[in-house]
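# Structural characterization, general
Here is what each chain is made of, one letter per residue.
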Amino acid sequence: MDFRRIEVIFLIVFFSLDIFLFLSFRNSQQLVSSTSTNTSTVTEMRKRNISFGSLDTKNGNAYYLGSQPDDSLAQNVQKLRNQKVEYENVNHTLVSTLNNPITVTTANRTEVMNKFVKKESNILFGKDYKYAPQLSSSSQMIYVPTGSLGEVYDKTAQLVFSVSEGEVVGYTQTYVKKLIVLHEKQPIKSEKEIVTNLYANSEIPNNSKISYANLAYTKLLEANDSTIYIPVWFVTIRNKDSKVSTTKKVNAFTGNIIKSSTNGDNYSAQ
């Protein structure tokens, strides 16, 4: 792709981002003020049998990021061995069925699959991925890309292994070669602010446990074949009675609770 076309694409992306920033600012002015994040709020949560570890009060900073479609998987597919592979051009997705399914147990599957992922004849660019237990379940093991800008929890850049009856039978993979900073660094809400805001909005039920509270990037929107990512807090809440876990998503910039996913992902597991 020539430089002129790249320049035009990102001018369009910047324009779309500016519109979104304006709308986010306006919406944030309308956001209901959350319960105070002082000690009394934390005490109230514990009285309602809501368990959690130490909540970080540091706000930190994050970016708006962008990426463009990438065919690195298709260009390197010949390196893979002992698997039947198909590549879907529309979604830039590699779909693989292993010739020899991998036997795993609940206790050893992370160790076994971590070793499998690191070998390039098994997984392309495997060293760029990290296991994400927060997104995984008994039937799926999900790996996400991790780098200097942070982790990405999104189907546009994800490695998903299918587990059936104690065997890993195959996987789907998407890949983003490079993330581009689209906007200067901005302050984000702290873990404590996010959790107490969820509680204030009745998103954390009594008799539950906060299993994970992780910050990662996820897709906001697409503009002219480019993808824009924003930082999102992923907070997983496990009901102590039903043992069912649900993951809430919160915009790290504004503190808005994301009621429905922008990218169709439904991060919930049992």
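Provided above is the structure to which this section pertains.
Residues numbered from 1 in each chain as written. Predicted model: local features only at pLDDT ≥ 70, side-chain atom pairs only at ≥ 80, totals over all residues. Heavy atoms only, no water.

### Let's talk about the pairing of strand β14 (residues 226–239)
- With twelve of its 14 residues buried, β14 lies for the most part within the structure.
- Summarising the sheet, strand β3 (residues 65–67) and β14 pair through three bridges and their orientation is antiparallel. Considered in β14, the bridge of Leu 65 is made with Tyr 229.
- For strand β13 (residues 208–223) and β14, the ladder comprises 14 bridges, and the chain directions are antiparallel. Looking at the pairing, Ser 208 lines up with Asn 239 of β14.
- Two elements, β14 and strand β15 (residues 245–251), share seven bridges in a ladder whose sense is antiparallel. By the bridge assignment, Ile 237 is partnered in β15 with Thr 246. (Buried < 20%, exposed > 50% of the residue type's maximum accessible area, 1.4 Å probe, protein only. Helix = DSSP H or I, 4+ residues; strand = E, 2+ residues; numbered from the N terminus. Pairing = 2+ DSSP bridges.)

### Re helix α5 (residues 191–200)
- Most of α5 sits inside the fold, with eight of its ten residues counted as buried.
- Directly beyond the C-terminal end of α5, a positive phi value near 60° is found at Ser 202.

### Examining the side chain of Asp 70
- Turning to its location among the elements, Asp 70 is positioned in the loop between β3 and α3 (72–76).
- Notably, Asp 70 is buried but unbridged: the nearest opposite-charge side chain belongs to Lys 177, and the N-O separation is 5.2 Å.
- Separated by 2.5 Å, the side chains of Asp 70 and Ser 72 make a polar contact. (Lys, Arg positive; Asp, Glu negative; His and termini not counted. Salt bridge = Lys/Arg side-chain N within 4 Å of Asp/Glu carboxyl O. Polar contact = N/O pair within 3.5 Å; in protein donor to acceptor, adjacent residues only side chain to side chain.)

### Quick word on the pattern of salt bridges
- A full pass over the atoms with the stated rule returns seven salt bridges.
- Taking the shortest distance from any N to any O, the salt bridge between Glu 111 and Lys 115 comes out at 3.8 Å. You can see Glu 111 and its partner Lys 115 sitting in helix α4 (residues 109–118), four residues apart, about one turn around the helix.
- Residue class for Glu 111 comes out exposed when judged on its relative accessible area of 52%.
- Taking relative accessible area as the criterion, Lys 115 reaches 59% and is therefore assigned exposed.
- Here Lys 130 and Glu 151 are joined by a salt bridge, their closest N and O atoms 3.1 Å apart. Placement of Lys 130 in strand β6 (residues 129–131) and of Glu 151 in strand β8 (residues 150–151) is noted, with a sequence separation of 21 residues between them.
- Judged by relative accessible area, Lys 130 falls into the partly exposed class, the value being 42%.

Distances and angles like these do not, on their own, reveal function.
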